[in-house]
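# Architecture at a glance
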Amino acid sequence: MYSIIVVPPPAEEDERRDHRFRLAPGERLAFGRGAGNELLIAHEGVSRRAGEIAAQGAFWILSNLSRDQTYVVENPEGAGEHIKVGPGRLDAPVPFEFSRIVLPAAGDLLPVEVWAPRHDYLRPESGADGATTAPAFSLDRTKRYFAVLAALCEPRLRGEPHAPLPTVDQVVDRLRPGWPAASRTSVQWNIDYLAVKLRLKPAPETADPGPRLNGKKESLVSLALRFDLVREDDLCVLATRHPATATATATGRAAG
């Protein structure tokens, strides 16, 4: 079974980009403007031997064969996630399922898309002994605090990785159709509660309150997106419905 699919950049004679390369594990695809490449990119700003893509099981690696151009590999579905592959770097592993190699070419930015649809998973062992491993982050998607977190993450999950975070008032407006009683106080309480729940700051009853957490919303969103605590599919919680009242009592009163 092939591991990755490579979609060439658009060309005048082939705007639809119907031709795709399918690579099985161990296969390699050289690209550049020279005639000896399997993927020919006819642009004067692209090196004759620009690079090489290789399938490696459930992921792929990129070699940058140019002398002075850095390639950027973006995750189109992520919140600004990308890696840089410097000139001459060989076999750089790419962790994204959907990727876009951006080739700088004499003022143009040429995209080469790479899809890695193959997923390999560990088969669960039957009859394992011992206690169940505790989750790293315990979030209940039916609670109002999760709807608040989803509203904070929404702009960046909608394909704007550098979008400014919504204000508390904007979060209130976003949640009010499904949570009519939403207010600045209740939303801010849930933000404070999330900071404690996700261990960004100590609980209020601890002896040491720790340093003041600046940029609380930015820290929450950064953590949530980095570890996929909120995904695009989770934005359905922002639909017009009434999420359950948070049962936790970090400050001694229910969220709402």
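This text follows the structure it describes.
Let's shift gears to the sheet that holds strand S2 (residues 21–23). The antiparallel open sheet is built from six strands, whose spatial order is S2-S1-S11-S10-S7-S8. Both edges of this open sheet fall to S2 and strand S8 (82–85), since each of them pairs with a single strand only. On average, each strand axis in the sheet is inclined to that of its neighbour by 25°, with strand direction left out of account. Strand direction decides the pairing type here: strand S1 (residues 4–7) and S2, joined by three bridges, are antiparallel. What sits directly across from isoleucine 4, in S2, is leucine 23.

Let us now look at the nonpolar core. Of all hydrophobic cores here, the largest spans 34 residues; its most connected members are Leu139, Val148, Leu149, Cys153, Leu175, Val187 and Val230. For this core, the elements supplying multiple residues, two or more each, are helix H1 (144–157), helix H2 (168–175), helix H3 (184–197) and helix H4 (216–226). With ten residues, H1 is the single largest residue contributor to this core. Excluding residues that lie within four positions of it along the chain, leucine 149 makes contacts with Leu139, Leu194, Leu220, Ala224 and Val230. Among the nonpolar cores identified, the runner-up in size contains 27 residues, and Val6, Leu29, Val94 and Phe96 belong to it.

It is worth spelling out unusual backbone geometry at this point. Phi at aspartate 91 is positive, roughly 55°, even though this residue is not glycine. Residue aspartate 228 is not a glycine yet carries a positive backbone phi of 55°. Within the secondary structure, aspartate 228 is located in the segment after H4. Overall, the relative accessible area of 38% leaves aspartate 228 in the partly exposed class.

A cluster of acidic side chains, namely Glu77, Glu97, Glu232 and Asp233, defines a negative patch on the protein surface. Judged by its relative accessible area of 66%, aspartate 233 is exposed.

Bringing the sheet that holds strand S5 (residues 51–56) into the picture now. Taken in spatial order, the five strands make up an open sheet running S4-S3-S5-S6-S9, and their pairing is mixed. Two strands close off the open sheet at either side, each with one partner strand: strand S4 (39–40) and strand S9 (92–94). With six bridges joining them, S5 and strand S6 (residues 59–64) adopt antiparallel strand pairing. If you follow alanine 54 over to S6, its bridge partner there is isoleucine 61.

About the cut-offs
- Residues numbered from 1 in each chain as written.
- Predicted model: local features only at pLDDT ≥ 70, side-chain atom pairs only at ≥ 80, totals over all residues.
- Heavy atoms only, no water.
- Pairing = 2+ DSSP bridges.
- Helix = DSSP H or I, 4+ residues; strand = E, 2+ residues; numbered from the N terminus.
- Axes fitted to C-alpha atoms, helices over the stretch in contact; angles between N-to-C directions.
- Core = buried A, V, L, I, M, F, W, Y, C linked by side-chain atoms within 4.5 Å.
- Buried < 20%, exposed > 50% of the residue type's maximum accessible area, 1.4 Å probe, protein only.
- Contact = heavy atoms within 4.5 Å.
- Patch = residues over 30% accessible without salt bridge, like charges linked within 9 Å, V, L, I, M, F, W, Y side chains within 5 Å.
- Areas by Shrake-Rupley, 256 points an atom, 1.4 Å probe, with all protein chains shown as cover.
- Salt bridge = Lys/Arg side-chain N within 4 Å of Asp/Glu carboxyl O.
- Lys, Arg positive; Asp, Glu negative; His and termini not counted.
- Charge placed at Lys NZ, Arg CZ, Asp CG, Glu CD.

Take it as geometry only, folks, not as evidence of what the structure does.
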